[in-house]
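Given next are the chains, with one letter for each unit.
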Amino acid sequence: MVRCGAAVLRKYSNFIDDLRVYVRGGTGGMGYPNLGGEGGRGGDVWFVARERTTLKSIREKYPQKRFVAGTGANSSVKALKGEKGKDCEVHVPLGISVVDDDGKQIGELNAAGERFLAARGGLGGSLATNFLPCKGQRRTVHLDLKLIADVGLVGFPNAGKSSLLSKISHAKPEIANYAFTTIQPELGKIMYADYKQISVADLPGLIEGAHANKGMGHKFLKHVERTKQLLLVVDISGFQLSMKTQFRTAFETILLLTKELELYKEELVTKPALLAINKMDLPCAKDNLDELMTQLENPQDFFHLLEEEMIPENTLEFREVIPVSTYTGEGIEELKTCLRKSIDEQAEHVNKEYQKKKLLLLQASK
């Protein structure tokens, strides 16, 4: 039986993946009616993607969560056209979606250096405005973080995802014996001999009902959206969250994880996926693995034994199934090789599709 203490849940609040901020463009400068002078435009508010930036650091540095650009300079005899107000640049993490108060996504920042105009400055006073300045754009927006990684580790609590991440990468996640071992997403990088790197995100453990936002469902599931591939991590001996919940075999665990992904967003189950069967050092692990492999070959043959609500509309097609043990190190190198192969194949496929589209556009232009 595993318990999730209040202290663990409180610690999750240290990781912030949504921040509501107020932005306002600068007011324009006054015009000069006598000489037809034009006031300077107000400054703009920009969100700029930067590495090693977190939403938590933004909240700590700017507790008011208000970002206002500078006012444009007034027109004068010495300078008939006033200078533009100072822009306000807010450094945000990579993987940010900018969402308005109506829930509509209005921008995205995925790579370092990308910029998004959050609030435009007002026009300076001129003949068109009767020489009166205009106020800048103002609004409240949400900075919604979705972790970007090549591979996302998906599994129920205590499946061994944190231990696996520490074995295959240089990450050092917290590892302990309680239900939500991972209380915030952890990002690690697998380093290969030819200097190729693959980023792997350990996403916090799901529970049944996560798609309906049970537990911390949506906080966890939304990070899966930005990963290129999925690596499901399953305990070969099965899983039980507590004495009050039902025990699930490894096969049932795979179906439930698939169902949670599918119910949250159907496209998630179309991502390339691999399966790591963990804890192969446990007694009876090999017998359990033989049974599981039989079930995975023709999963539909076993659906009649399960509750209807457990069965996903579409089952995940795993590119590879790799038995591992984070305790003994069994299968770890093979897993790293399989991840590399799968990522390379996906990149090659994407490149071929891009070249095909480029050729079609070229032919159409002729």
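Predicted model, so just to flag it, every value in this text is computed and none were measured.

Student: Explain the packing of helix α5 (residues 250-264) against helix α6 (residues 285-297) to me, please; I cannot follow it from the model alone.
Tutor: When two helices pack together, their arrangement is given by the angle between their axes and by how far apart the axes lie. Here α5 crosses α6 at 40 degrees, and the two axes come no closer than 9 Å. Our classification of the angle between α5 and α6 gives oblique. Between α5, through Ala250, Phe251 and Ile254, and α6, the contact on the second element is made entirely by Leu292, Gln295 and Leu296. Here the residues of the contact of α5 with α6 sort into five nonpolar, one polar and no charged.

Student: I would appreciate a short explanation of the side chain of Ser126 in the present structure.
Tutor: Residue placement: Ser126 occurs in the loop between β7 (115-119) and β8 (138-145). You can call Ser126 buried: its relative accessible area is 14%. Every residue in contact with Ser126, bar those within four places of it in the chain, is listed here: Gly37, Glu38, Phe131 and Leu132.

Student: Got a minute to help me understand a nonpolar patch on the surface in this structure?
Tutor: A cluster of nonpolar side chains, contributed by Leu35, Val77 and Leu80, occupies part of the molecular surface with about 280 Å² of accessible area. Here Val77 lies in the loop between β3 (66-68) and β4 (88-92).

Student: Explain the packing of aromatic side chains here, please?
Tutor: Think of a pair of aromatic rings as described by two things: how far the centres are apart, and how the planes are tilted against each other in angle. The full count for this structure, using the stated rule, is four aromatic pairs. Between Tyr62 and Phe67, the ring centres sit 5.0 Å apart and the planes meet at 70 degrees, which makes this aromatic pair edge-to-face. Assessed through its relative accessible area of 3%, Phe67 is described here as buried. Positioned above the aromatic ring of Trp46, the side-chain terminus of Arg115 is 4.6 Å from the ring centre. Above the ring of Tyr192, the side-chain terminus of Arg340 is found at 5.2 Å from the ring centroid.

How each quantity is defined
Residues numbered from 1 in each chain as written. Predicted model: local features only at pLDDT ≥ 70, side-chain atom pairs only at ≥ 80, totals over all residues. Heavy atoms only, no water. Axes fitted to C-alpha atoms, helices over the stretch in contact; angles between N-to-C directions. Helix = DSSP H or I, 4+ residues; strand = E, 2+ residues; numbered from the N terminus. Parallel < 35°, antiparallel > 145°, perpendicular 65-115°, else oblique. Contact = heavy atoms within 4.5 Å. Nonpolar A, V, L, I, M, F, W, Y, C, P; charged D, E, K, R; others polar. Buried < 20%, exposed > 50% of the residue type's maximum accessible area, 1.4 Å probe, protein only. Patch = residues over 30% accessible without salt bridge, like charges linked within 9 Å, V, L, I, M, F, W, Y side chains within 5 Å. Areas by Shrake-Rupley, 256 points an atom, 1.4 Å probe, with all protein chains shown as cover. Salt bridge = Lys/Arg side-chain N within 4 Å of Asp/Glu carboxyl O. Phe/Tyr/Trp six-rings, centres within 6.5 Å; stacked < 30°, edge-to-face > 60°. Lys NZ or Arg CZ within 6 Å of the ring centre and 35° of its normal.

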